[in-house]
Amino acid sequence: MSASRSTSLAVSINATLADLMEQRPEMLLLGEDVGRLGGVFRVTRGLRDRFGADRVRDSLLAESTIVGQAVGMAMSGLVPVCEIQFDGFTYPAVNQLVTQASRIGDRWNGQVRPSLVVRIPTGGGIRGVEHHSESNEALFARVPGISVACPSTGEDADQILRYAVTIGSPVVVYEPIRLYWRRNTPARDPQPARSATAARIVRRGADLTIVTYGAVTNEVLEAAGALATEVDAEVVDLRWVAPLDLETILESVARTGRLLIVHEGSRDVGIGAEIAASVAERGFDLLRGPVRRLAPERRPYPPADFEKDYLIGVEQITAEILGMTK
Amino acid sequence: MLRHMLVARGIDEEAGQLQKQGAIDLWLSCQGHEAAQVGSALAVGPAPTVFPSYREHAVALLRGVAPDELVAQWAGRTFCGWDPRRLRFFPYTLVLAAQTLHGVGYSIGQRLQGREDFVVVYIGDGATSEGDMSEAMNLAAVEAASVLFICQNNGWAISKPAGEQMHTSVADRARGFGIESVRITGQDPEAVFAVCARAAAHVRERQAPFLVEIQVERIHGHSTSDAQELYRSPDDIERARATDPVTAYAARLSGLGLVDADWFHLVGAEIRDLRERLIKEFAG
Ligand SMILES: Cc1ncc(C[n+]2csc(CCOP(=O)(O)OP(=O)(O)O)c2C)c(N)n1
Ligand SMILES: [Mg+2]
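Note that this is a predicted model, so its numbers are computed, not measured.

A. Representation of the overall build of chain A within the structure. A tally of helices and strands in chain A yields 12 helices and 14 strands. For chain A, whose C-alpha radius of gyration is 19 Å, the value lies close to the compact-globule estimate of 20 Å for 326 residues. In terms of principal-axis extent, the alpha carbons of chain A reach across some 60 × 40 × 35 Å. The contacts in chain A between residues at least 6 apart in sequence include a share of 80% that link residues at least 24 apart.

B. Representation of the pairing of strand E13 (residues 259-262) of chain A in the model. Residue and element names in this part refer to chain A. Burial along E13 is two-sided: the residues Leu 259 and Ile 261 and Leu 260 and Val 262 are all buried. Examined bridge by bridge, strand E10 (residues 208-212) and E13 share four bridges and lie parallel to one another. Across the sheet, the residue bridging to Thr 212 is Val 262, located in E13. Across three bridges, E13 lies against strand E14 (residues 292-294) in parallel orientation. Along E14, the bridge assignment pairs Leu 260 with Arg 292.

C. Here's a closer look at the UniProt feature "domain: Dehydrogenase E1 component" (unreviewed entry) in chain B. In the numbering used here, UniProt assigns the feature "domain: Dehydrogenase E1 component" (unreviewed entry) to residues 3-262 of chain B. For residues 3-262 of chain B, the helix share is 46%, the strand share is 12%, and the end-to-end C-alpha distance is 13 Å.

D. Examining the nonpolar core more closely. The biggest cluster of nonpolar side chains holds 74 residues, and the ones touching the most others in it are Leu238(A), Ile275(A), Val104(B), Phe149(B) and Leu211(B). Per element, the largest residue contribution to this core is six residues, and it comes from helix H3 (residues 63-75) of chain A. Taken domain by domain, this core gets at least three of its residues from each of domain 1 (7-179) and domain 2 (191-325) of chain A. Setting aside chain neighbours within four positions, we find Leu238(A) in contact with Ala198(A), Ala199(A), Val211(A), Thr212(A), Tyr213(A), Leu244(A), Ile249(A), Ile271(A) and Ile275(A). Core analysis: the second largest hydrophobic core is formed by 60 residues, Leu2(B), Leu62(B), Ile150(B) and Val259(B) among them.

E. Summary view of the coordination of the magnesium ion (ligand 2). All names here are of chain B. Coordination of the magnesium ion (ligand 2) by the protein is provided by Asp 125 (OD), Asn 154 (OD1) and Trp 156 (O), with metal-donor distances spanning 2.1 Å. Donor residues binding the magnesium ion (ligand 2) come from one chain and are separated in sequence as D-x28-N-x1-W. You can see Asp 125 sitting in the loop between strand E2 (119-124) and helix H7 (131-143) and its partner Asn 154 sitting in the loop between strand E3 (147-153) and strand E4 (156-157), a full 29 residues away along the chain. The two residues Asp 125 and Asn 154 agree in class, both being buried.

F. Just empty space enclosed by the protein, in detail. All names here are of chain A. The full count for this structure, using the stated rule, is two cavities of 30 Å³ or more. Considered as a void within the structure, the largest cavity measures approximately 110 Å³ in volume. Thr 122, Ser 135, Tyr 213, Gly 214 and Ala 215 are the residues nearest the centre of the largest cavity, which is lined by 13 residues in total. Tallied by class, the residues present in the lining of the largest cavity amount to six nonpolar, five polar and two charged.

G. Quick look at the site of ligand 1. All names here are of chain B. Around ligand 1, 15 residues are found, and the nearest of them are Tyr 54, Arg 55, Leu 94, Gly 126 and Ala 127. The separation between an oxygen atom of ligand 1 and a polar side-chain atom of Tyr 54 is 2.7 Å. Within the backbone of Leu 94, one N or O atom sits 2.7 Å away from a nitrogen atom of ligand 1. Contact with the protein chains hides 73% of the accessible area of ligand 1, taken as 590 Å² for the molecule alone. Class assignment of the residues belonging to the shell around ligand 1 gives a composition of eight nonpolar, four polar and three charged.

H. Molecular detail of the environment of Glu34(B). Residues and elements named next belong to chain B. When you line up the elements, Glu 34 lands in helix H2 (residues 34-44). Along the backbone, Glu 34 and Ser 129 are 95 residues apart, and their C-alpha atoms lie at a distance of 24 Å. Other than its neighbours up to four places away in sequence, Glu 34 contacts Met 5, Ala 8, Arg 9, Gly 39, Pro 245 and Val 246.

I. Main features of the packing of helix H1 (residues 2-20) of chain B against helix H12 (residues 261-283) of chain B. Residues and elements named next belong to chain B. It is at 9 Å that the axes of H1 and H12 come closest, and there the two elements cross at 30°. Considering their axes alone, H1 and H12 lie roughly parallel with respect to each other. By crossing handedness, the relation of H1 to H12 is classed as right-handed. For the pair H1 and H12, the contacting residues are Leu 2, Arg 3, Leu 6, Val 7, Gly 10, Ile 11, Glu 13, Glu 14, Gln 17 and Leu 18 in the first and Trp 263, Phe 264, Val 267, Glu 270, Ile 271, Leu 274, Arg 275, Leu 278, Ile 279, Phe 282 and Ala 283 in the second. Across the contact of H1 with H12, the residue classes tally to 14 nonpolar, two polar and five charged.

J. Summary view of the sheet that holds E13(A). Residues and elements named next belong to chain A. With respect to topology, five strands assemble into an open sheet ordered E9-E11-E10-E13-E14, the strand pairing being mixed. The open sheet is flanked by strand E9 (200-203) and E14, the only strands paired with a single partner. Averaged over neighbouring strand pairs, the angle between their axes works out to 25° when direction is ignored.

K. Representation of helix H7 (residues 154-164) of chain A. Among the residues making up H7(A), those that are buried are Gly154(A), Asp156(A), Ala157(A), Ile160(A), Leu161(A) and Ala164(A). For H7(A), the arc enclosing every buried residue in end-on projection is 150°, short of the 170-degree limit, so these residues lie on one face.

Calculation rules
- Residues numbered from 1 in each chain as written.
- Chains lettered and ligands numbered in written order.
- Predicted model: local features only at pLDDT ≥ 70, side-chain atom pairs only at ≥ 80, totals over all residues.
- Heavy atoms only, no water.
- Helix = DSSP H or I, 4+ residues; strand = E, 2+ residues; numbered from the N terminus.
- Rg over C-alpha atoms; globule rule 2.2 N^0.38 Å.
- Contact = heavy atoms within 4.5 Å.
- Buried < 20%, exposed > 50% of the residue type's maximum accessible area, 1.4 Å probe, protein only.
- Pairing = 2+ DSSP bridges.
- UniProt positions renumbered as here; feature names shortened; annotations may be inferred.
- Core = buried A, V, L, I, M, F, W, Y, C linked by side-chain atoms within 4.5 Å.
- Domains from an automatic or database assignment.
- Donors = N, O, S within 2.8 Å, 3.2 Å for Na, K, Ca; no water.
- 1 Å grid on protein atoms, 1.4 Å probe; cavity = no way out; pocket = protein on both sides within 12 Å on 5 of 7 lines; lining within 4 Å.
- Points joined across faces, edges and corners; volume = space filled by probe spheres on them.
- Nonpolar A, V, L, I, M, F, W, Y, C, P; charged D, E, K, R; others polar.
- Near = heavy atom within 4 Å.
- Polar contact = N/O pair within 3.5 Å; in protein donor to acceptor, adjacent residues only side chain to side chain.
- Areas by Shrake-Rupley, 256 points an atom, 1.4 Å probe, with all protein chains shown as cover.
- Axes fitted to C-alpha atoms, helices over the stretch in contact; angles between N-to-C directions.
- Parallel < 35°, antiparallel > 145°, perpendicular 65-115°, else oblique.
- Left-handed = near helix turned anticlockwise from the far one by under 90°.
- Arc of directions from axis to C-beta.

So this is what it looks like as structure tokens:
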């Protein structure tokens, strides 16, 4: 199977942030340890030296403070790009995101359009201790007024971040921790997405559509690659889980007649449920068989020794593909 | 000052009436808070940006919010009826204490851009229990943000007495965060004005936050949906009424000969006109 050695996700995000900071004086970075240290994952390494402590701000250790003050900064015309240290520590900021950031535009009758980005390192497979391997993107996907992106390559993260700082409403960007420094990833179809908000078809195929996003996209590609001689699978990397690019999904299903959804966030009331429901509503006649979902069951992320049982791996995906197409 | 207090009282009474008639959905009265609101708003002047809570009607009117703009959100027409930017009076925030962090962040943002960074944040006694208030005080102290916190302590958070809400005063708590503070009574607008003017000078000169805790009385229930008779003794409600800052200040200025019957007549006519316009807009 072919593999590509591209720039890692962390290096790519760092370069994008630096470039945006260069172009846009109103932009600033805000988060725990993002300055002196460059973030616990070093994604913002070197940026404080380059842009100064006023624009690369080591925030107080309080997530509601990070997002709450960012809302105020956005009201003053700045474009804050916040970092939450780990997905599992997002919760203290949920109130400010859900009841404030997402609603400020409406409350102000459009007079304020806060461009505010919250970057969140996410996901497991890193032998994290409790709370360090979560995937809570579905939580924000339900919130009107918040866009939720889940890039799985540096290229996608670059396009998404450049777009996110311009749209005048909050964007939460989930960055898979286990891809930050990984450079060997399965090759992808080179054709770019139709737009910054569109999904991307990362593997072309005729027998079955697999819709996925985030780090597990790589496992899906591995499985599809491994089965290439038996099944010709098409893989759609959503890149955004809110709003969803249903057009790309439906067009793909129209070609293949089968839909499998794979994600790392737990299954119940998850992103896959929304996709399955929407495809049933709008594309039932396109389907040759039932829509299937592969995602962890509804239980807390386990201690590291057990995470392999929790996460969706290549073998499970392979088995599912075979089950659906035999 | 008395004129602003009387206007606020008139609008507040009319909004309460309109709610009773079903013309608006809900009203949170500011009666009892007028001296604190008018004194503080005049003391800081027009330059600072105000981050209100949801009961600062006298501040709103003084900043130029028209009565119908003020009432619109309580009649389900909008989430904010006025132009927040132009009036530098930002929208009411109904999630308690959320605005405190916005205020501090706004002040920091303004300072970073070299613009006027003086911000006034209003908060109730009960809302100071929310984590965001503590976070905002800490952030303001650490960042030396030009934020004046004004806590109107009316002794109640709906039915919970302030004495059961906190073990120290809000002013004491502010000092724990490294914010200088003062605690005053809020019956006399001139006293409130003097203290808030000094507090504003502190914020400007030292480029540091300050907190003023103003003890006021809540004359009516928490809102038009609240029956305070269920949890407040008749004596206590009567006591609150008896300390009405509007009637007290009116009597004092009359006694001093600073205002006379003609003046009251003129202001009364102005208020009647405003009330009639409100009726036309919402019950017409
Ligand atoms: C986060 C949050 N929790 C609860 C409420 C419901 N609520 C609205 S006002 C209020 C009491 C607030 O009391 P206080 O801060 O003293 O202000 P006051 O109403 O007395 O002016 C409560 C519990 C709310 N609006 N927001
Ligand atoms: Mg109160």
